[in-house]
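# Report on the structure
One-letter residues, chain by chain:
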Amino acid sequence: MTSLGLALGLVLAASTTGYVRSRAETGKANDPAAHCLWWKEGKISFAQNQRGDPDAPGEATFEAVSSGYSAWSVVASRCGNFTLEELPRTLRKDVGYDPKGSDNLNVVVFRSRACNNGVVPAGDDCWTEGDCNNLYDCWQYSAATIGLTTTTYDRNTGRIYDADMELNSGNFRFTTADAPPCVGGATVSCVSSDVQNTVTHEVGHFLGLDHAPASDSTMYASAPLGETSKRTLDADSEAFVCDVYPAGMPSRDCVVVPVDETLGKQASCSTAGGVLGPLSAVGLLGLLARRLRRGRR
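Residues numbered from 1 in each chain as written. Predicted model: local features only at pLDDT ≥ 70, side-chain atom pairs only at ≥ 80, totals over all residues. Heavy atoms only, no water.

Right, let's talk about the packing of helix 1 (residues 59–79) against helix 4 (residues 195–207) for a bit. Viewed as axis vectors pointing N to C, helix 1 and helix 4 meet at an angle of 45°, and their least axial separation amounts to 8 Å. With respect to helix 4, the element helix 1 is oriented oblique. As for how helix 1 packs across helix 4, the hand of that crossing is right-handed. Contacts from Thr61, Ala64, Val65, Ser67, Gly68, Tyr69, Ala71 and Trp72 of helix 1 reach helix 4 at Val195, Gln196, Val199, Thr200, Val203, Gly204, Phe206 and Leu207. Grouping the amino acids of the contact of helix 1 with helix 4 by side-chain chemistry returns 10 nonpolar, six polar and no charged. (Axes fitted to C-alpha atoms, helices over the stretch in contact; angles between N-to-C directions. Helix = DSSP H or I, 4+ residues; strand = E, 2+ residues; numbered from the N terminus. Parallel < 35°, antiparallel > 145°, perpendicular 65-115°, else oblique. Left-handed = near helix turned anticlockwise from the far one by under 90°. Contact = heavy atoms within 4.5 Å. Nonpolar A, V, L, I, M, F, W, Y, C, P; charged D, E, K, R; others polar.)

Structure follows, in structure tokens:
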């Protein structure tokens, strides 16, 4: 029988690579038996919540999110074993995975209000259970976190089953312009927190990447506001796709020892506070374990 878990691990994939693969959490630090995270080869679908960013109505934000996924699709079409398919926009705005459900969906949703800003009562059980975001459609994480991707995976094989992305539009002004960084306030003609830049980084987490040590990496853990360079994948991030998702072959784990299957879940996020921020984590929630990663600051 399969049980559920939600976790995140941070370990360099190998000394010869510049990318870092996320690993399942086993309760042991730097556990060599911890599986790396990966999707089964084939089609991986996602859908944007049809509300988009309430502070930036129109198609530009939707297109920027799509472009963030497309950056990885281009590489996968050349050397990978998967395709990223965008489904029609959805009313869904809940994140997480229901192992008994048949309608699980990888969603992208903007949260335009903070849970702790009078939205959620102080004594609500959701604070300890960690699901205020779903119950009240609000941002329940640090105000300094710009985005977060929650991933559900098989803890003892690393296979990913679901990945949902939340973007913190309540505390950040998302922009889509091809323009210089904003100075003295965000406008539609300058770049503040760039949607495509942020989403491209988050899709790396979506696919099983962690933060990389190189400052020019798409997966580097920090970036100034106004940055757009991470819209384009660096060579190491491209290599990750080719190495882990080789064309015509099964996706690759980094552990080859027999284990029992157990579902797990992880989350990754981007942070900013004038800049984009580092990684953080929270603990297990019942059978589901959740760990939150800050992406950049």
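What follows deals with helix 1. In this model helix 1 runs 30 Å from its N-terminal to its C-terminal C-alpha over 21 residues, within 8% of the 30 Å that 1.5 Å per residue would give. Considering bend angle alone, the principal kink of helix 1 is centred on Tyr69 and spans about 30°. Within helix 1, burial applies to Thr61, Phe62, Ala64, Val65, Ser66, Gly68, Tyr69, Ala71, Trp72, Val75, Ala76 and Cys79. (Expected span 1.5 Å × (residues − 1). Bend = angle between axes of the 7 residues up to and from the residue. Buried < 20%, exposed > 50% of the residue type's maximum accessible area, 1.4 Å probe, protein only.)

What the rule picks out here adds up to 12 salt bridges. Across the pair Arg231 and Asp194 runs a salt bridge, and its minimum N-O distance is 2.8 Å. You can see Arg231 sitting in the loop between strand 11 (223–224) and helix 5 (235–244) and its partner Asp194 sitting in strand 9 (residues 193–194), a full 37 residues away along the chain. Residue Glu227 is joined to Lys230 by a salt bridge in which the shortest nitrogen-to-oxygen separation is 2.9 Å. Glu227 sits in the buried class, given a relative accessible area of 13%. A relative accessible area of 3% places Lys230 in the buried class. Salt bridges linked by common partners bring Arg51, Arg111, Asp137 and Glu166 together as one network. (Salt bridge = Lys/Arg side-chain N within 4 Å of Asp/Glu carboxyl O.)

Turning our eyes to something else, we now look at the nonpolar core. Counting 40 residues, the largest nonpolar core has Tyr69, Trp72, Phe206, Leu207 and Phe240 as its most contacted members. Broken down by secondary-structure element, the contributors of at least two residues to this core are strand 3 (42–48), helix 1, strand 4 (82–86), strand 5 (107–111), strand 6 (145–154), strand 7 (160–168), helix 4 and helix 5. If one sorts the elements of this core by residue count, helix 1 sits on top with eight residues. Discounting chain neighbours no more than four positions away, the residues touching Phe206 are Trp39, Ile44, Tyr69, Leu84, Asn106, Thr149, Ile160 and Ala163. (Core = buried A, V, L, I, M, F, W, Y, C linked by side-chain atoms within 4.5 Å.)

For the coordinates displayed, the defined rule picks out nine aromatic pairs. Centre to centre, the rings of Trp39 and Phe206 are 5.3 Å apart; their planes meet at 25°, and the pair counts as stacked. Taken together, the positions of Trp39 in the loop between strand 2 (20–22) and strand 3 and Phe206 in helix 4 put the pair 167 residues apart, joining distant regions of the chain. Phe206 sits in the buried class, given a relative accessible area of 1%. Between the aromatic rings of Trp139 and Tyr141, the centroid separation amounts to 4.8 Å while the plane-to-plane angle is 85°, which identifies the pairing as edge-to-face. Owing to a relative accessible area of 2%, Trp139 belongs among the buried residues under this scheme. For Tyr141, a relative accessible area of 12% translates into the label buried. In this arrangement the basic side chain of Arg89 is found over the ring face of Phe62, its NZ or CZ atom lying 3.7 Å from the centre. (Phe/Tyr/Trp six-rings, centres within 6.5 Å; stacked < 30°, edge-to-face > 60°. Lys NZ or Arg CZ within 6 Å of the ring centre and 35° of its normal.)

Every buried residue of helix 5 is accounted for by Ser237, Phe240, Val241 and Val244. In an axial view of helix 5, the angular spread of the buried residues amounts to 95°, which keeps them on one side of the axis. Buried positions along helix 5 lie against strand 2, helix 1, strand 4, helix 4 and strand 10 (209–210). Two or three places before Asp236, at the start of helix 5, stands the capping residue Asp234, its side-chain oxygen 3.1 Å from that residue's backbone nitrogen. (Arc of directions from axis to C-beta. Polar contact = N/O pair within 3.5 Å; in protein donor to acceptor, adjacent residues only side chain to side chain.)

The next thing to look at is the state of the cysteines. Counted under the stated rule, the structure contains four disulfides. Note that Cys79 is cross-linked by a disulfide to Cys242, the S-S spacing being 2.0 Å. One disulfide, between Cys79 and Cys242, carries an S-S torsion of -75° and so falls in the left-handed class. Of the two residues, Cys79 is situated in helix 1 and Cys242 in helix 5; the sequence distance between them amounts to 163 residues. A relative accessible area of 24% means that Cys242 is categorised as partly exposed. (Disulfide = S-S within 2.5 Å.)

By themselves, these are just geometric observations and shouldn't be taken as functional.
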